[in-house]
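# Report on the structure
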Amino acid sequence: MSDELKAFLRQVLNKGLILDLDDRLRAEAIKAFEMIRDRSGLSKKRARELEGQARFRMMEEGFEAVCKLHGGALLDGGVIPMTQLKVFQPFMRFEHGGRGLIFGLAAMAEPRKVPTKNLSRTAGVSLNYQLSPRLDLDGAGPKHGDIFVMFLVARDREKSGKIEEIAVGVVNSGYSEFLF
């Protein structure tokens, strides 16, 4: 990944935004755990499954709120700019110096692993075509101004209500590996 792109990511996804997201999403994880533990009355296995669903939905809400505070805009109508691709998760768009960045939330099954593929994320990573290694013999492939970046969260498998890892990642357009 080019130094120019790394600098762009650091400008748009600044330290304040990342720290606020880290704080908010860790708090949402604890809140989901406590809510299920204290109020569900479910067996341990069922409670753990419900906690995962609640945790991600609560994190989505927190992600959207924090991004709005830092100047992010929810994608209008759920459509990725300059495409026909529709998304069903909260993706936030940030702009800096005439360039755009689509920022999405994803849960990793385990630290440092590409998150599970879904329709929204597959649509998002298609924007990263120009970043992915390939033979571009005629230059006719898609070229978008925006790139897609994910805020990644891996739960702690040993401790309920805890987050093991939080990261920022750019996934290639084939949804097979991290580019950054």
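Residues numbered from 1 in each chain as written. Predicted model: local features only at pLDDT ≥ 70, side-chain atom pairs only at ≥ 80, totals over all residues. Heavy atoms only, no water.

Before going further, it helps to examine the overall build of the chain. Along the chain, the regular secondary structure elements total four helices and five strands. Against the compact-globule benchmark of 16 Å for 180 residues, the chain has a radius of gyration of 17 Å, which places it among compact chains. Dimensions along the principal axes, computed over C-alpha positions, put the chain at roughly 60 × 30 × 30 Å. Counting the 180 residues in the chain, one finds 42% classified as buried. (Helix = DSSP H or I, 4+ residues; strand = E, 2+ residues; numbered from the N terminus. Rg over C-alpha atoms; globule rule 2.2 N^0.38 Å. Buried < 20%, exposed > 50% of the residue type's maximum accessible area, 1.4 Å probe, protein only.)

Pairing between sheet strands relies on hydrogen bonds along the backbone, with the strands arranged either parallel or antiparallel. The five strands are arranged β1-β2-β3-β4-β5 in an open sheet whose pairing can be described as mixed. The open sheet terminates on both sides in strands that have one partner only, identified here as β1 (73-74) and β5 (163-169). Pairing between strand β4 (residues 147-155) and β5: six bridges, direction antiparallel. Looking at the pairing, R155 lines up with I163 of β5. Contacting β2 (92-96), β3 (99-108) and β4, helix α1 (residues 3-12) runs over the sheet at an angle of about 75° to β3. (Pairing = 2+ DSSP bridges. Contact = heavy atoms within 4.5 Å. Axes fitted to C-alpha atoms, helices over the stretch in contact; angles between N-to-C directions.)

For the pair helix α2 (residues 15-39) and helix α3 (residues 44-69), interaxial distance at closest approach is 8 Å and the crossing angle is 150°. Here α2 lies roughly antiparallel to α3, going by the angle between them. Considering how the two elements wind past one another, α2 and α3 form a crossing that is right-handed. Facing α2, whose interface residues are L17, D20, L21, R24, L25, E28, A29, K31, A32, F33, M35 and I36, α3 presents A47, L50, E51, A54, R55, M58, M59, G62, F63, A65, V66 and C67. Grouping the constituent residues of the contact of α2 with α3 by class yields 17 nonpolar, one polar and six charged. (Parallel < 35°, antiparallel > 145°, perpendicular 65-115°, else oblique. Left-handed = near helix turned anticlockwise from the far one by under 90°. Nonpolar A, V, L, I, M, F, W, Y, C, P; charged D, E, K, R; others polar.)

Our focus in this paragraph is the pattern of salt bridges. Opposite charge on two side chains allows them to pair when their charged atoms are near. According to the stated counting rule, one finds 13 salt bridges in the structure shown. The closest approach of N and O atoms between E28 and K31, which form a salt bridge, is 3.4 Å. One end of the pair, E28, and the other, K31, are both in helix α2, three residues apart, so they sit about a helical turn from each other. With a relative accessible area of 6%, E28 lands in the buried category. We classify K31 as partly exposed; its relative accessible area is 44%. Here K68 ties to E64 by a salt bridge, and the two come within 3.4 Å at their closest N and O atoms. Of this pair, K68 and E64 both sit in helix α3, four residues apart, roughly one helical turn. K68 sits in the partly exposed class, given a relative accessible area of 45%. Several salt bridges converge on common partners, so that one network encompasses R24, E28 and K31. (Salt bridge = Lys/Arg side-chain N within 4 Å of Asp/Glu carboxyl O.)

This next bit is on α3. With 26 residues, α3 ought to run about 38 Å at 1.5 Å a step, and its terminal C-alpha atoms sit 36 Å apart, in line with that. G71 sits one or two positions beyond α3 and adopts a positive phi of about 95°. (Expected span 1.5 Å × (residues − 1).)

Moving on: the confidence of the model for the chain. Reading predicted coordinates in detail is not appropriate for stretches of low pLDDT. Within the chain, residue pLDDT values average 88, and 92% of them lie at 70 or more. The least confident element of the chain, judged by mean pLDDT, is α1 at 89; the most confident is α2 at 97. Within the model, the stretch residues 135-144 combines pLDDT values under 50 with 10 contacts to residues more than four positions away or in other chains. (pLDDT = per-residue confidence, 0-100.)

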